[in-house]
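# Remarks on the overall topology
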Amino acid sequence: MLRSRPLRSPAARLPVAPCLTLLALSLALVACGDGREPLVLYSPHGREILQPLEERYEELEAAIDVRWLDMGSQEVFDRVRSEAANPQADVWFGGPHTIFEQGVEHGLLAPYRPTWADALPADTESGDGLYWGVYRATPVLVYNGAAVSEEEAPDDWDDLLEPRWRGKIILRDPLASGTMRTIFGMVMARSVAETGDVRAGYQWLARLDAQTKEYVFSPTLLFEKLTRQEAVVSMWELTDI
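Residues numbered from 1 in each chain as written. Predicted model: local features only at pLDDT ≥ 70, side-chain atom pairs only at ≥ 80, totals over all residues. Heavy atoms only, no water.

With that settled, consider the overall build of the protein chain. Each helix and strand counted, the protein chain has six helices and 10 strands in total. Burial status across the protein chain gives 46% buried among its 241 residues. Contacts in the protein chain between residues at least 24 apart in sequence constitute 73% of all its contacts with a sequence separation of at least 6. Per element, the accessible surface of the protein chain, about 12400 Å² overall, is 54% carbon and sulfur. (Helix = DSSP H or I, 4+ residues; strand = E, 2+ residues; numbered from the N terminus. Buried < 20%, exposed > 50% of the residue type's maximum accessible area, 1.4 Å probe, protein only. Contact = heavy atoms within 4.5 Å. Areas by Shrake-Rupley, 256 points an atom, 1.4 Å probe, with all protein chains shown as cover.)

In this section: a nonpolar patch on the surface. A cluster of nonpolar side chains, I49, L53 and Y57, forms an exposed patch at the surface whose accessible area comes to about 220 Å². Among the residues examined, L53 registers a relative accessible area of 31% and is labelled partly exposed. (Patch = residues over 30% accessible without salt bridge, like charges linked within 9 Å, V, L, I, M, F, W, Y side chains within 5 Å. Salt bridge = Lys/Arg side-chain N within 4 Å of Asp/Glu carboxyl O.)

Let's shift gears to the packing of helix α2 (residues 73-82) against helix α3 (residues 97-105). Between α2 and α3, the least distance of the axes is 10 Å, while the angle of their chain directions is 5 degrees. Overall, the two elements α2 and α3 adopt an arrangement that is roughly parallel. Packed against α2, whose contacting residues are S73, Q74 and F77, the element α3 presents I99, Q102 and G103 at the interface. Tallied by class, residues from the contact of α2 with α3 come to two nonpolar, four polar and no charged. (Axes fitted to C-alpha atoms, helices over the stretch in contact; angles between N-to-C directions. Parallel < 35°, antiparallel > 145°, perpendicular 65-115°, else oblique. Nonpolar A, V, L, I, M, F, W, Y, C, P; charged D, E, K, R; others polar.)

With that settled, consider the pairing of strand β8 (residues 169-172). Judged by which residues are buried, β8 turns out to be covered on both faces: I169 and L171 on one side and I170 and R172 on the other are all buried. Pairing of β8 with strand β9 (residues 212-216) involves four bridges; the strand directions are parallel. Bridge assignment links R172 to a residue of β9, and that residue is V216. (Pairing = 2+ DSSP bridges.)

Next up on the list: helix α4 (residues 178-195). Here α4 contains 18 residues, and its C-alpha end-to-end distance of 25 Å stays within 8% of the 26 Å for a straight helix at 1.5 Å per residue. Where α4 begins, the side chain of S177 points an oxygen toward the backbone nitrogen of T179, at a separation of 3.3 Å. Remark: G196 follows α4 within two positions and exhibits a positive phi of approximately 80 degrees. (Expected span 1.5 Å × (residues − 1). Polar contact = N/O pair within 3.5 Å; in protein donor to acceptor, adjacent residues only side chain to side chain.)

Turning next to the pattern of salt bridges. Evaluated as defined, the whole model comprises 15 salt bridges. Notably, a salt bridge pairs E83 with R79, separated by 3.1 Å at the nearest N-O pair. Here the salt bridges do not stand alone but share partners, grouping D34, R36, E58, D65 and R67 into one network.

In terms of nonpolar packing, the biggest core is built from 30 residues, with W157, L160, L208 and M235 touching the most fellow members. Looking at this core, the elements that each hand over two or more residues are β7 (139-144), β8, α4, α5 (199-211), α6 (219-227) and β10 (233-237). It is α4 that provides the largest number of residues to this core, a total of six residues. When near neighbours in sequence (up to four residues on either side) are disregarded, L160 contacts L141, P154, W165, I169, L208, Q211, V233 and M235. (Core = buried A, V, L, I, M, F, W, Y, C linked by side-chain atoms within 4.5 Å.)

Following the criterion strictly, the structure yields three aromatic pairs and no others. Geometrically, the ring pair formed by W92 and F100 is tilted, given 4.4 Å between the ring centres and 35 degrees between the ring planes. As far as the burial class goes, W92 and F100 line up, both buried. Pairwise contacts between aromatic rings join F77, W92, F100 and Y131 into one cluster. (Phe/Tyr/Trp six-rings, centres within 6.5 Å; stacked < 30°, edge-to-face > 60°.)

Attention now goes to unusual backbone geometry. Both trends apply: most residues other than glycine have a negative phi, and most peptide bonds are in trans. At Q229, a position not held by glycine, the phi torsion is positive, near 65 degrees. Tracing the sequence through the fold places Q229 in the loop between α6 and β10. Look at Q229 and you get partly exposed, because its relative accessible area is 41%.

A few words now on the confidence of the model for the protein chain. Summing up the model confidence of the protein chain, the mean pLDDT is 85 and the portion of residues at 70 or higher is 86%. Between residues 6-22, whose pLDDT stays under 50, and residues either more than four places distant or in other chains, the model counts 57 contacts. Here residues 26-32 is modelled with pLDDT under 50, and outside its nearest four sequence neighbours on either side it reaches 17 contacts, counting other chains as well. (pLDDT = per-residue confidence, 0-100.)

A few words on the environment of T98. Topologically, T98 is positioned in helix α3. The sequence separation of T98 and G178 amounts to 80 residues, and the corresponding C-alpha distance is 8.5 Å.

Structure follows, in structure tokens:
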């Protein structure tokens, strides 16, 4: 059983950030063989969420054929940016607000106001209707409860640097993952807040890298390897856990 760990040290807590959001892109609809209008979705949410979403939406909108592509949130941004001159997706669903802000800066997004917009807190909207927060997510420490007892589990981000966790940590590839970039960004922000410089943050990340057994390509693989005890500790996002 995978378990998340509430952190006991306030200084080491990650700030709660609007992590998963929905926004509209320029339409790029193509003809569909069965006569339905295709709706193309790029998302990091994984099959477990995207498949039911597709099925439910198509129940409600029989004329629409939902097609989704699952990839890391950073990969979504890179793909949308590379397709800027010829958009292939209609909707970008999921990722940290920092990545969506990059989408705004690059002019990749089109304004859209969902029917449920008035039910959202004011700070979950981008300010110009280019993206909307769906829920807030908190990064947490994760451990395999069958291999690590609650007493043994790390309480704090800095606990991951203890010698006992060397070779027992597995992480998502930060090049593709907005969640990991958010966590690494927290480390750097903490370094600046405490020392006025980023060097301590880079040193912390280098020590974490020395402790880490493997970086994996997808959250699904991360969970599988944790369950099989190929590694027993990680950091990820609470709602996925």
